[in-house]
Every structure is written in structure tokens, then in C-alpha cells.
Amino acid sequence: RNRINLEIQPARRGVIFDRFGAPLAVNRRDFRVSIVRENTPDMVATLNRLSAILPISSATRERVLEQARRRAKFVPIVVADDLTWEEFSRLNVHTAELAGVRDEVGEVRAYPRGDPFAHVIGYVARANEREAGSDRLLQHPDVRIGKSGAEAFGEEWLRGKGGFRRVVMNALGRVVEVLPSDDLAAVPGRDMVVSLDADLQEYAAKRLGEEAGSAVVMDVKTGQILTMVSTPGYDPNLFVNGISQTAYNTLLENERRPLFHKAYDGFYPPGSTFKMVVATAALESGLVDGAQRVNCIG
């Protein structure tokens, strides 16, 4: 009862680098388990069996069953991701017995420099129902789209073009062989190099600390932005697999407005208070020279 299927193959997302080649947005391995409704006779029974191996909350169970009702039956539904190696190994022993259950090693976006780059580099997240529409690719567990910053601005450049791979599947819906698929393969996204100086960006963020403020450093000879920092920042990695409501509320309720891009979206009257501590320190430290203009608004 084996059969050959065409399986969606997302493109590898391009990496974002600073002006010196330091990675600001990369791809990392993601251990996960998903269910394909087309190959699962009973979703509830399958979830019950899975929960004996891996803890599944009632909220996760409801979310999976809701997606099973709404999505096409051949689209994988992620039950759990970001599993540890121990959890993934334990699961791997049992999935051969569970029809339609897949334990997979995928890729997910990661931001190694964190908070100081959250506003300017932005972040990716899963497409919502309006964004995905009927696009099967955007419903794939590996696919994220740019929601803000450079990730959103360079979406078409970074995402690449999805493709397919030919796989042999058994009666339980498990892949038993991958066939040659070069003619259908995905086209990787292109890398992006931005004008930011990662070290200077981090230095400016450190000097501003937890204060609500922003700093911009521009090379007036070229117009390139070397630093564009807004504080306080937030961890963009929280959004990649879906931020919890509690964590999101904490950001929203913070009076210093960490989600607001103060250097880009803020409006400030001429002659407002300037905090030149970052500018002065940057000049004195040699991180920038006198030919570069330093603006700091607090």
C-alpha cells in the first residue's frame, strides 16, 4: 500500500548580515511532531496516544482539532515544536506505530543578537489565516513570513520560492523513501546585507539601558545607517513560534513601550531633550569618527 506523493518543500530563508558579515537573523534546527489528518483515522485517539508520550495541554489539543477542521487534510498540523533532543528521541521510538504522526527536523528563524536588533531587523512568525489564504506553502510548519523591520521589508527577497519533493509513503503515512526531485526543488531565499554595525548597535543599546529612548548613527558621506536602536527592546525569538498571551501582555503593559519603534515611528519636536551620552561615548571610544553624524534622542 505504498504510494508516491508530492510533498511541499519550503525554501530556506536567506540570512541577514550586518556590514561586516555578522549574522543578525539565521536559521536553526527545530525538532517537532505533527499530524497529517489525511493519514489519521481518528484525530482524538491519536492525540490521546501522543499525550502518553509527550505532555499535551488542553489548549494545544483544542488548537490542533480546530486546525484539523479548517485546513486541507494533507497539510501537516504541528502538535509541538522546539522539542529537546531527549523529547524528540523518546517520541521517535513510538511514532512508527501512530498513523499520520510525523517526527521531523525542520528549520526555524533565530535572532542570535536579540533585543538590540528587535525593532530594526524585526521578526518572522507564522502567517495568519488572512495572510495564508489558500496558499498551501504558507500553511507549512517550516514557513514564517516577515512581520516587521527588515524581515518584512525584504520578504520577497528573503523567502525564496517553494518547491516539492517526491516521497514514497507507507500505509501509515510515514515517509519511507525520498526520490530524486531536483526538477521540483525549492529555490533558496537570497541573503541580505544591511548597513548596520552590530557592535555599535549593541553599544548604543547598552548605554541607553532600560530607559525609553532611541539612537541613530548615520554616515553623512553615504547616507548609510550604522545604528538605529530603540529602547527598551524585546526578544524577537519569542514571536517566531508564537508568543504566549502572558508574555505579550507584559510587553503591551510596559509603560516604556518596548514594542514601539521610537527611532523610526516616533515624532519628536525640534529642540526636545537630547541625551548625548551615547554620542559622546561613541566618539570617545573610537566606534565612530568625526565624519559621521550622531543623533541621540531621549
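Residues numbered from 1 in each chain as written. Predicted model: local features only at pLDDT ≥ 70, side-chain atom pairs only at ≥ 80, totals over all residues. Heavy atoms only, no water.

Quick word on the nonpolar core
Formed by 24 residues in total, the largest nonpolar core has its most connected members in Ile-16, Leu-24, Tyr-111, Phe-117 and Ile-121. Looking at this core, the elements that each hand over two or more residues are β3 (23-35), α4 (118-121) and α9 (237-240). Those residues in contact with Phe-117, other than ones at most four positions away along the chain, are Leu-24, Gly-122, Leu-196, Ala-198, Gln-201 and Glu-202. Listed in part, the 19 residues of the second largest apolar core include Leu-50, Val-64, Ile-77 and Phe-88. (Core = buried A, V, L, I, M, F, W, Y, C linked by side-chain atoms within 4.5 Å. Buried < 20%, exposed > 50% of the residue type's maximum accessible area, 1.4 Å probe, protein only. Helix = DSSP H or I, 4+ residues; strand = E, 2+ residues; numbered from the N terminus. Contact = heavy atoms within 4.5 Å.)

Points about the confidence of the model for the protein
Of all residues in the protein, 90% attain a pLDDT of 70 or more, and the chain-wide mean is 85. Mean pLDDT per element in the protein: strand β13 (residues 292-297) is the minimum at 44, and strand β2 (residues 16-17) is the maximum at 97. Long-range and interchain partners of residues 274-281, a stretch whose pLDDT sits below 50, account for 15 contacts in this model, where long-range means more than four residues apart. Note that residues 290-298 has pLDDT below 50 and, in this model, 30 contacts with residues that lie over four places away or in other chains. (pLDDT = per-residue confidence, 0-100.)

Some words on the sheet that holds strand β9 (residues 175-178)
The three strands are arranged β1-β8-β9 in an open sheet whose pairing can be described as antiparallel. Only two strands of the sheet have a single partner each, and these edge strands are β1 (3-9) and β9. Going across the sheet, the axis of each strand differs from the next one's by a mean of 45°, ignoring polarity. Direction of pairing for β1 relative to strand β8 (residues 163-169): antiparallel, over a ladder of seven bridges. When the bridges of β8 are listed, Arg-3 appears paired with Met-169. (Pairing = 2+ DSSP bridges. Axes fitted to C-alpha atoms, helices over the stretch in contact; angles between N-to-C directions.)

Things to note about the pairing of β3
Across two bridges, the pairing between β2 and β3 is antiparallel. The partner of Phe-17 across the bridge, within β3, is Pro-23. The turn joining β2 and β3, which pair antiparallel and follow one another in sequence, is formed by five residues; a positive phi near 90° is taken by Gly-21. Both β3 and strand β5 (residues 101-110) contribute to a ladder of ten bridges, which runs antiparallel. Residue pairing in the sheet places Arg-28 in a bridge with Val-108 of β5. The pairing of β3 with strand β4 (residues 77-80) spans three bridges and is classified as antiparallel. The residue bridging Val-33 from the neighbouring strand is Ala-80, located in β4.

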